[in-house]
Structure formats: structure tokens, C-alpha cells
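Listed here are the chains, written in short residue letters.
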Amino acid sequence: MRLRSLGAALATTAALLTLPAQLTASAAETPLSQGRTATASSTENGGTAAGNAVDGDTGTRWSSAASDDQWLQVDLGATATVNRVVLNWEAAYGKDYKVQLSTDGSTWTDAKSVTGGDGGTDTLDVSGQGRYVRLQGVHRATGYGYSLWEFQVFGTAGGGTSPGTCDTADAARGKAASASSTENAGTPASAAFDGDAGTRWSSQAADPQWLRVDLGSVQNICKVDLNWEAAYGKDFRIEASSDGTSWQTLKSVTGATGGKSSYDVSGSGRYLRIYGTARGTGYGYSLWDVAVHTTSTGGGTGPIEGGGDLGPNVIVVDPSTPNLQQKFDQVFAQQETAQFGSGRYQFLLKPGTYNGINAQLGFYTSVSGLGLNPDDTQINGDITVDAGWFNGNATQNFWRSAENLAIRPVNGTDRWAVAQAAPFRRIHVQGGLNLAPNGYGWASGGYIADSKVDGTVGPYSQQQWYTRDSSVGGWTNGVWNMTFSGVQGAPADNFATGPYTTLDTTPVSREKPFLYLDGNQYKVFVPGKRTNARGVSWPANAGGTSLPLSQFYVVKPGATAATINAALAQGLNLLFTPGVYHLDRTIEVNRANTVVLGLGLATIVPDGGVDAMHVADVDGVRLAGFLIDAGPVNSAALLRIGAPGSSADHAANPTTMQDVFIRVGGAGPGKATDSVVVESDDVIIDHTWIWRADHGDGVGWETNRADYGLRVNGDDVLATGLFVEHFNKYDVYWSGERGRTIFFQNEKAYDAPNAAAITHDGIVGYAAYKVADTVNEHDAIGLGSYCNFTADPSIVQRHGFQVPVKAGVKMRHLMVISLGGKGQYAHVINDTGAPTSGTDTVPSKVVQFP
């Protein structure tokens, strides 16, 4: 698609960068620069010394001579990773200037260039390392010099976000070792780590065998050297673990020939293991030496601290905030059309009553209340999503959210005309809710959970919608697939003749974690599990727990995967602030009950073909509120929950994946063989949009190749609100037992070049939702698949759904639709169900199968 010109929006960018300091979320974080030695190119007089700008006193200032090319620099005392600089200008401000970094005070690197500054307080997001930070003035805005009340530098002391270099020292030398077996007493496991090339470990003559070492603490592992004896491993894995139980593969080696070899790896763990799967000889495995090389997370200055400020793109307001409407309008002007832009914003509204506000939400913009309950934050006004930017078509109103507040709409009805990946959670609408754009143009959404609408919900042109554990005063009409579970006031089920699928309760649910204020302290509320839920979870919030922000590593733009993993290994949770994070290694979530929460659609991009995130087979991990964007080098899987073969029972405390969205292409070329793989049992997938892009940049049958959207190998997995679209092969492939899905929305890949390209096993087209032939029990309801084969409208896909015909496999309320005749379906499920009807966009349905 073509985006409208951003000229008008860009005009507001400078204003956004200079939002008043009180609007940026901030705890009592001390700048790295405070009290440090400062020097300057000049001073106006003896009362305006350089040190005044770093003394923490906004009543003292530095000012320069009245000429350009002036500078002020601060010595942080040691190299640090700098992520933010705040300039509090006096009336004599800099119009054009640079922020520069240096490790030696001589050679400088530009971290930020500003032109057309307007004074006040400038909060600048930067990324880099240095001991010295300098303001380099280029052009003054007045006839006076440059003058700063305060020059504040924020970041991590000791370069804490740098992955560092790979150490030549052997981190495994002399450490405790163990093995699956030994050949005899003269070949113990410890002999491979004693630094003596004349001693060795050897195993019994069988497969598999393993050798492991305890490094003593979690380390970032960058290289492993192996020196094989004649009895070598042909196929083996190099693995790491934080607990000695759950293992991540750092390197898979096949066809090795023994001798000495070195392997560059990327990962973290306390334990390293060589896991042999095939021997190269008839003997066992035998190693003279194993050396492990590590990197620090930077400087070795101590543990990573939790808490702190929430970064430059989180805007915290209260009812007394001046020009609040202007703040909403500024962000909307920038984000309204920025479908694949890099801007990310989160508005946080402190408890209180806000009058006359209309918060219009564009792309990558979220608004949330900071009360413990929705009614704590009252808006007498509107939170609006409309489609004027796209000529009244709401089918691309993706990636935005509203959460945890109450709305009393000005005209009695709030407009929320969204498409996929736009959750509406924990909202009290004191009136009605209109889900269609102005003019009732096309719309393709959407998701509501844990919300109460006092009036009537009108979907009008919305093609499909899923509502869970909520309360509505009424529901008007619907197009194709309106699904409800646990919704008080939901319409009666009428799928055979109408659009409604209605379940009285949701079998298992747990609401998304959210940030709130307890007095002046930020905390994250983590709701408990509900069984057979109906209606909202609040105000009682029974079964939940609160975690202080000090237990979270607050991730800001510029953070590295090495630091993120070190924080996780240290026991911290993660709170991603709004931004785009390019990561060179996989984020490893190995601890039970870890919370990974994103604000403002924080976006993770794996670089170099790594996976974005792995979650160990542990209890109770909460993943919520972020976007994973595939990189240009193919990833095996963007998100993996559990390891292959996982079998632990997590029914009492399942891992949840909520408002976690996946994108392959659109923002640029991206590739991933699998997007999401679920290996653990009992996982709850509650609202996801897994999308191989059909428009934007980097889109083409092979350009953004992605074979599978969701693979479920774990047992007893539940999906509530499953949106998966456009994959080259199966959109969903389910091989775990006793899986359940409530609501599924799908479009097949628009760009299938011809029938031959998607023909397999004598079948034209990969099913949108396939249950593996080995599965004996499965239950799914409220499923729709649509075809729009724009590249070859003559394609006739065999079916939308494919399942084994068994008594325990129950598929209910299924439909397939041809969108305007661009391709057809021959059947709905297997070889059952009537074909779609030419150019008439009318569903072909199967109420129950078998």
C-alpha cells in the first residue's frame, strides 16, 4: 500500500523530542554525570562554571562566551553505556548542536545531532559507549552564548550493555565436571577441564553420551574449543543451561572428523554440555580438553540493577498536565500513517478524572490507566481509532492498544475501528462501543477481553471478532464470525444461520500483566488463573500478585541481548520500554514465573538468523505486549516455548503468551521457517496475530519466506483468539494432544504464484489449520479461513481445515470464504462442506465435524 505523506507529522517531531520533563516517567534515577568533573571551552563569568551543569541544582548554570563552536564535557570516571542525555536549557539555548561520546577525551563520535532546537528541556535517546560525553554547540539561538541549567547523562556504569570481546582465558579450567559415563577410573570427566593435554575423559561405547562443566555462575559464552582423542564425536551438540536441567543448543555439529576444532557460539548459562548423538568410531567419546571462552556484560562492575526510569517514549500524565490534548495530538500526527515506522509510544494515565479528552491512537501507540482497577482512571471523553488515513478502510488499523481505564464517551458511543493486533483490554465503557469506521467501510478485527461495556457493541462492518470474559449491554449484528466465551450479555449462539458462536465460559484464562502505581511506586500486577471464567476479573483482582519495578530490568533502546540475558540469569523480569531492539543473540527465558512485558508495542528484531526468544519448559512464564519482527536472515523459529520433547505438567501454573505479535516482512525483508513453536504442555495463547506480510516492503513469495505460522507440539495447549495469516505452507500445524482453540481467523497467502507452488501430497493448498494425523483428541470452535489469491485467482484450494477423522477430534463452527472470487475453496474441512460461491463473498459453513 502507499502511505500518505508524513510531512505534516514530521513537523511535530521536534516538539515530541522536547516534551516537558515531568511527562517522562521517572523514578529517582541519579544521572551518571552528577557530581562528576566537567570542563568547557569557555565560561561567561566566574558564576557560570562548567561544574554547575552537573551539580543537580537547577538554580545554577553553565554559560559560555557569546560565540559559536563552544562545548561542555563531563568525565564519567569510567567507560559507560550511554542511552539518554537530558539538556535543561536556560534562555540562551543552542539551536544546532551535537552530543558526542569519547573513550579518551580526544577522539569523538557523534551520538546525536539536533537541528532547529527550541530550548526548554531536550530529552535525547542515544546509544553508545564512552567515558566522556560532550555537548558540542554549532549555532546559538540567541545573541548570548550557550547556557545549561543541567547536563544529565543516563545509562549503565561500566559499559553494562556491551557484549564485550571474547576472552582468551578458559572459564572452564579446573571447574567441577560430570558425565553420563566414564570408560574407567583413569578417564574421569574432570580430566577434560584440567588443562593437561595428556589426560582425557572417555565414555562408554554407546550413544548418546554427555560431558558437562559447572562454570560457577551464569556466563555469556562466546566460543568453545574441543580437542578430541582418536575416539571422537561425529554428531554432537554444544549446549548451555542456567540450572543444569533446561538446555539450549548453542551449536549443532554433524559430520565432524575429530582433532582440534573451535566453535563460535552465542548464549549464556552456568553449565555447558557436550552432548554426543553419534560416535565417529566403535569406541566411546573421548576428549583431551574442552575450553570455554566467555564475554562479560561489560566492565564487571556488579549486578544489573532493576527499576529506574521508563525511558523517553513513555509519557506519564495526570489530570493537571498542561496541554494534554496537544500531547495526544502530536503523537497521533506522527503515528497515524506510520504503519511500518520506527516510532513507539506509551501513554500512562495516573488515576483521576480527565475531562474533554479525545485520545486518537495511531500505529504503535498504547494508552493505559495506572490504577489497580479500570475505574480508577476516568476519561470523560474518547479513545478513538478511525480510518480517515486510509479512506475509511479500517482493515489495516493494526498494532495499537488500550487498557485498564474507564471511558464515558462524549456522544455516548466510543469508536474503536481496528483490525488485528489491537487489543482492547480491561476497559469500562460507560456507554456504547462502535467497532466500525466512520462511513462503515471495510473492517477486519479484533479482540476484547476483561472489559465491561454498559451499552451496546455495534460491530457493523467488522468481518470477525472475538470477545472473552467480559460483559456487554447488547451486541448488534455481525458479518461472518463473532465468537464469545465467558461474556455476560452475549447474543445467543446461531452459527448455523448467523454469525454467532457463544460459549458460556472460558475453560482456562489468565489476564495480561499490567503496570500500575501503588502510591508513587510503579508495580506490575500479575493476575492469577481463572477456570470456567465468565465476566470481568476486576475489581476484586482475586488471585493476583504484585511485583515491584525493582524486580524488573527496564529495557531501553540500545540494550544488548547479552545484558538482557544477564539480567534474566540474575533473576530479574523484563519490562521493554517502547522502541525497536535489534539483537544479535537469542533472549533466553529460563526461570519459572518470569514476566516479559512490553510497553508501546516494543519490537524485537533478531539479526543474523538467530531466534528471537526461547522460553524453557518451566512453570508460569508470562509473555505479553510486544512484537517480534523477523530479520532478513532466516531464523529457525522466532519464538519457541519449551524445548523439543518437553513433557512437564504445567496445568496448575501455565505459561501464557498474550498480545505477543509476530511479523515476517512489511517493515523490510524478513524470513523465518517457523514463527512460533510451542513445545511445552498447558500453554495458553491468548490473543496473537502471527502475520506473514501481504503488503509493505520486503514482500514476495520468497522474499519474506515463512513456511509455518504456529506449530503446537505440546499437549493440553489452549488458544483463545488466534489470528494467523499468509504463510507459505501451513498457517497452524497442531500435533499435540488435547489441544483447544476458541476462535481462529485466517487468510491464505495472497501471493501463491500458482496451484503447483502449493500442491503437496496430491492436495492443492496447505490447510489453514491442520491437526496432525497422529492426534487422537482435539477441540476447536469458531474458525474461519479466507482466500484472496491475487497472484493467481484460478487457484482452487482443496480445503481450509484438515484433521484426522477420529471420535476425539471435534471441529465446530467452521467457515471458508472466497474474497470476491480471488480463488476458491473446494471444501471446508477435509472433503466435507460445499465449495465457495464464485465472486459472492458468502461463507461456506460446516457446523460440526465429524
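Residues numbered from 1 in each chain as written. Predicted model: local features only at pLDDT ≥ 70, side-chain atom pairs only at ≥ 80, totals over all residues. Heavy atoms only, no water.

1. Here we look at the overall build of the protein chain
- When helices and strands are tallied, the protein chain shows four helices and 57 strands.
- Relative to a compact globule of 850 residues, whose C-alpha radius of gyration would be 29 Å, the protein chain shows 29 Å and is just as compact.
- Along the first, second and third principal axes, the C-alpha atoms of the protein chain reach 90 × 85 × 50 Å.
- The contacts in the protein chain between residues at least 6 apart in sequence include a share of 68% that link residues at least 24 apart.
- Accessible surface, the protein chain: about 28500 Å² in total, of which carbon and sulfur atoms supply 47%.
- Across the protein chain, the 60 positively charged side chains and the 79 negatively charged ones have centroids separated by 2 Å. (Helix = DSSP H or I, 4+ residues; strand = E, 2+ residues; numbered from the N terminus. Rg over C-alpha atoms; globule rule 2.2 N^0.38 Å. Contact = heavy atoms within 4.5 Å. Areas by Shrake-Rupley, 256 points an atom, 1.4 Å probe, with all protein chains shown as cover. Lys, Arg positive; Asp, Glu negative; His and termini not counted. Charge placed at Lys NZ, Arg CZ, Asp CG, Glu CD.)

2. Here's the deal with the pairing of strand β52 (residues 778–787)
- Among the ten residues of β52, nine are classified as buried, and the element is accordingly described as predominantly covered.
- Looking at chain direction, β52 and strand β55 (residues 809–818) are connected through nine bridges and run parallel. Bridging across to β55, Leu-783 finds its partner in Leu-814. (Buried < 20%, exposed > 50% of the residue type's maximum accessible area, 1.4 Å probe, protein only. Pairing = 2+ DSSP bridges.)

3. With respect to the nonpolar core
- Grouped together as the largest cluster of nonpolar side chains are 82 residues, with contacts concentrated most on Phe-576, Ile-587, Met-613, Leu-623, Tyr-769 and Met-811.
- Counting residues per element, this core draws most heavily on helix α4 (residues 561–569), which supplies five residues.
- Beyond its immediate chain neighbours, meaning those up to four positions away, Tyr-769 contacts Leu-722, Val-732, Trp-734, Thr-741, Phe-744, His-778, Ala-780, Leu-783, Gly-800, Phe-801, Gln-802 and Met-811.
- By size, the runner-up hydrophobic cluster in this structure holds 37 residues, among which are Ala-359, Val-385, Val-418 and Trp-465. (Core = buried A, V, L, I, M, F, W, Y, C linked by side-chain atoms within 4.5 Å.)

4. Re unusual backbone geometry
- Asp-207 connects to Pro-208 through a cis peptide bond whose omega is -10°.
- Looking at where Pro-208 falls in the secondary structure, it is placed in the loop between β9 (201–202) and β10 (209–228).
- Cis geometry is adopted by the peptide bond preceding Pro-850, which originates at Phe-849 and carries an omega value of -5°.
- As for its position among the elements, Pro-850 is in the segment after β57 (844–849).
- At Asp-69, a position not held by glycine, the phi torsion is positive, near 60°.
- The topology assignment puts Asp-69 in the loop between β2 (62–63) and β3 (71–89).
- At Asn-593, a residue that is not glycine, the phi angle is positive and equals roughly 70°.
- Take Asn-593: it is sitting in the loop between β37 (587–589) and β38 (595–606).
- Under the relative-accessibility criterion, Asn-593 is labelled partly exposed at 37%.

5. Re the side chain of Arg-273
- Mapped onto the fold, Arg-273 is located in strand β13 (residues 260–279).
- Classification of Arg-273 by relative accessible area gives buried; the value is 12%.
- In terms of polar contacts, Arg-273 uses its side chain to reach the side chain of Glu-239, at 2.7 Å.
- If we skip the residues at most four places from it in the chain, Arg-273 touches Trp-210, Leu-211, Arg-212, Arg-237, Ile-238, Glu-239 and Trp-247. (Polar contact = N/O pair within 3.5 Å; in protein donor to acceptor, adjacent residues only side chain to side chain.)

6. Thoughts on helix α3 (residues 324–335)
- The end-to-end C-alpha separation of α3 is 17 Å, in line with the 16 Å expected for twelve residues at 1.5 Å each.
- All buried positions along α3 are accounted for by Leu-324, Lys-327, Phe-328, Gln-330, Val-331, Phe-332, Gln-334 and Gln-335. (Expected span 1.5 Å × (residues − 1).)

7. Some remarks on the sheet that holds strand β47 (residues 732–734)
- Judged by pairing direction, the sheet is parallel, and its eight strands sit side by side in the order β37-β39-β41-β43-β45-β47-β51-β54 without closing on themselves. Every other strand in the sheet has two partners, leaving β37 and β54 (801–802) as the edge strands with one partner each.
- Taken together, the four bridges between strand β43 (residues 672–678) and strand β45 (residues 708–712) define a ladder with parallel strand orientation. Bridging across to β45, Val-676 finds its partner in Leu-710.

8. Re the sheet that holds strand β31 (residues 521–526)
- One open sheet accounts for three strands, arranged β30-β31-β33; its pairing is antiparallel. On the outer flanks of this sheet lie β30 (514–518) and β33 (545–548), each paired with one strand and no other. Averaged over neighbouring strand pairs, the angle between their axes works out to 40° when direction is ignored.
- The sheet contact formed by β31 and β33 spans four bridges and is antiparallel. Each bridged residue has a counterpart across the sheet, and for Phe-525 the counterpart in β33 is Ser-546. (Axes fitted to C-alpha atoms, helices over the stretch in contact; angles between N-to-C directions.)

9. Here we look at the pattern of salt bridges
- Tallying each qualifying case throughout the model produces 38 salt bridges.
- Salt-bridge contacts for Arg-200 lead to Glu-229; the nearest nitrogen and oxygen are separated by 3.8 Å. One end of the pair, Arg-200, is in the loop between β8 (177–179) and β9; the other, Glu-229, is in the loop between β10 and β11 (233–241), and 29 residues separate them in sequence.
- Assessed through its relative accessible area of 22%, Arg-200 is described here as partly exposed. (Salt bridge = Lys/Arg side-chain N within 4 Å of Asp/Glu carboxyl O.)

10. Some details on the confidence of the model for the protein chain
- Scored by pLDDT, the protein chain has a mean of 91; 94% of the residues are at 70 or more.
- Across residues 1–28, where pLDDT falls below 50, the model places 57 contacts with residues more than four positions away in sequence or in other chains. (pLDDT = per-residue confidence, 0-100.)

11. Some words on the packing of aromatic side chains
- Applying the stated criterion across every chain, the model contains 34 aromatic pairs.
- Ring geometry for Trp-480 versus Tyr-786: centroids 5.1 Å apart, planes at 65°, classification edge-to-face. A residue pair is termed long-range when its members are at least 10 positions apart, and Trp-480 in the loop between β26 (464–475) and β27 (481–488) and Tyr-786 in strand β52 qualify at 306 residues.
- Note on Trp-480: relative accessible area 9%, which makes it buried. (Phe/Tyr/Trp six-rings, centres within 6.5 Å; stacked < 30°, edge-to-face > 60°.)

12. Concerning the state of the cysteines
- According to the stated counting rule, one finds one disulfide in the structure shown.
- Put simply, Cys-166 and Cys-222 are joined by a disulfide, and their sulfur atoms are 1.9 Å apart. Between Cys-166 and Cys-222 the disulfide shows an S-S torsion of about 90°. By sign, it is right-handed. Pair noted here: Cys-166 is in the loop between β7 (147–157) and β8 and Cys-222 is in strand β10, with a separation of 56 residues, a long-range link.
- On the basis of relative accessible area, Cys-222 is assigned to the buried category, the value being 11%. (Disulfide = S-S within 2.5 Å.)

13. A closer look at the environment of Ala-176
- Along the polypeptide, Ala-176 turns up in the loop between β7 and β8.
- In contact with Ala-176, not counting residues within four places along its chain, are Arg-212, Val-213 and Asp-214.

14. Considerations on the side chain of Ser-646
- On the secondary structure map, Ser-646 appears in the loop between β41 (635–641) and β42 (656–664).
- A polar contact of 2.5 Å, which involves the side chain of Ser-646, links it to the backbone oxygen of Ala-643.
- Apart from the residues within four sequence positions on either side, Ser-646 is in contact with Asp-617, Glu-679, Ser-680 and Asp-681.

15. Thoughts on α4
- In terms of residue burial, α4 counts as a mostly covered element, since eight of its nine residues are buried.
- Residues of α4 that are buried sit in contact with β10, β13, β34 (552–555), β35 (573–576), β36 (580–583) and β37.
- Immediately downstream of α4, the backbone of Gly-571 shows phi near 105°, a positive value.

16. Topic: the environment of Arg-131
- Here Arg-131 lies in strand β6 (residues 121–140).
- The sequence separation of Arg-131 and Ala-80 amounts to 51 residues, and the corresponding C-alpha distance is 6.0 Å.

17. Thoughts on the environment of Asp-773
- Among the structural elements, Asp-773 can be located in the loop between β51 (769–771) and β52.
- Between the C-alpha atom of Asp-773 and that of Thr-841, which follows or precedes it by 68 residues, the distance is 31 Å.
- When residues no more than four places from it in sequence are discounted, the contact partners of Asp-773 are Pro-804 and Lys-806.

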